[in-house]
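# Observations on chain architecture
If you want the building blocks of each chain, they are given just below.
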Amino acid sequence: MSDTLAESQLLTTEEFLSDRNMHRIDETLTEVFGMMLGCEISLHSPMESEPLSSASGGDEKTAIVGLAGVIRGTCEIRMNRASALSVTSAMFGGAPPADDIENSICDAVGELCNMVAGGWKNRIPCLQSRCSLSIPTVISGDHYHVHPNTPALRMNRNYLFGSHGLKLTLRCEMSPA
Amino acid sequence: MRGTVLVVDDSAMMRKVVVRTLQLAGLEFETVLEAADGSQALTQLQQRTVELIMCDINMPVMDGLELLKQIKQQQLAIGVPIVMVTTEGSESQVLQAIAVGAKGYIRKPFTPAQLASSVLPLLAA
């Protein structure tokens, strides 16, 4: 949890785009998947021709958690339905109830995103108490665009857990110092 | 087997995860009450006696910190340990939660051992 970035220092563009920040994100994913899902997750570099939704017929789930405070942005986690169902079953400790499967999937993906967003910001001292998280929003489907009000820095990371893929996008607008 | 636990979280999945993790940590409760926000939790507490409250902070309608203030103001759940379970982990939030009555604080994600070490001393007290 310790970080060399002091609490009084703001998160700069260089810091946001740094290897150290990518490592924080990777570390957070590893922690959340290990503790809450009981599985390993690793960084993955998909080929351009490898669509995220190949196994789902385009039925994707995207969870978005807003960040507000000294930074403004979003943490997004996107995966296909099969991956989302796998996350749901792992968190649920078995198959989710058949009569409430869609709600359970959205709930699980939203909570996953919430823990990842929280885990990342809690690794950065200057964000711990000066950046709040929104309640997660979950989008079903793959034909959507996110339009931030102002240009934002963006970091994309792709991961694999078991045979499933997950794409994480962190968007961040820096407040002026 | 213990009495009743109230789990407060806007995520139904997370409520189940908390209950399952308590079980894995060896804490079985006869009755599990669930509430999706602070307002629902207050209604439950006005009608029932509980032995433990596990509570999220970020929730719609009424958040966890406001729930704790209301519990104190309405003199509900007197002496019942309240453990905050949240992704928010800043020192100021921990202090805020303790100031309004929280006895424990655990950050998501958590393991059964971490949950047990937060809850067991409070139940034994």
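Remember, it's a predicted structure, so these values are computed and weren't measured experimentally.

Moving on to the packing of helix α4 (residues 101-122) of chain A against helix α1 (residues 12-24) of chain B. Close contact between α4 of chain A and α1 of chain B brings their axes to 8 Å; oriented N to C, the two are set at 75°. In terms of their interaxial angle, α4 of chain A and α1 of chain B are classed as roughly perpendicular. Facing α4 of chain A, whose interface residues are Ser104, Asp107, Ala108, Glu111 and Met115 of chain A, α1 of chain B presents Ala12, Met13 and Met14 of chain B. Tallied by class, residues from the contact of α4 of chain A with α1 of chain B come to five nonpolar, one polar and two charged.

This part is about unusual backbone geometry. All names here are of chain B. A cis amide bond links Lys108 with the next residue in sequence, Pro109, at an omega value of 0°. Following the sequence through the fold, Pro109 ends up in the loop between β5 (104-107) and α5 (112-124). Positive phi values are uncommon outside glycine, yet Gln75 reaches one of about 55°. Given the relative accessible area of 60%, Gln75 is considered exposed. Positive phi is not limited to glycine here, since Ala77 has a value of about 45°.

Residues and elements named next belong to chain A. On inspection of all chains with the given rule, the structure shows two aromatic pairs over all chains. Measuring from ring centre to ring centre gives 6.4 Å for Phe16 and Trp120, while their planes differ by 90°; the resulting arrangement is edge-to-face. With Phe16 in helix α1 (residues 13-16) and Trp120 in helix α4, this residue pair connects regions lying 104 residues apart in the sequence. One exposure class covers both Phe16 and Trp120, and it is buried. Aromatic side chains Phe33 and Phe161 sit 5.0 Å apart centroid to centroid with 55° between the ring planes, which places their arrangement in the tilted category. Note that Phe33 is positioned in helix α2 (residues 19-37) and Phe161 in strand β6 (residues 153-161), a separation of 128 residues in sequence.

Conventions we followed
- Residues numbered from 1 in each chain as written.
- Chains lettered and ligands numbered in written order.
- Predicted model: local features only at pLDDT ≥ 70, side-chain atom pairs only at ≥ 80, totals over all residues.
- Heavy atoms only, no water.
- Axes fitted to C-alpha atoms, helices over the stretch in contact; angles between N-to-C directions.
- Helix = DSSP H or I, 4+ residues; strand = E, 2+ residues; numbered from the N terminus.
- Parallel < 35°, antiparallel > 145°, perpendicular 65-115°, else oblique.
- Contact = heavy atoms within 4.5 Å.
- Nonpolar A, V, L, I, M, F, W, Y, C, P; charged D, E, K, R; others polar.
- Buried < 20%, exposed > 50% of the residue type's maximum accessible area, 1.4 Å probe, protein only.
- Phe/Tyr/Trp six-rings, centres within 6.5 Å; stacked < 30°, edge-to-face > 60°.

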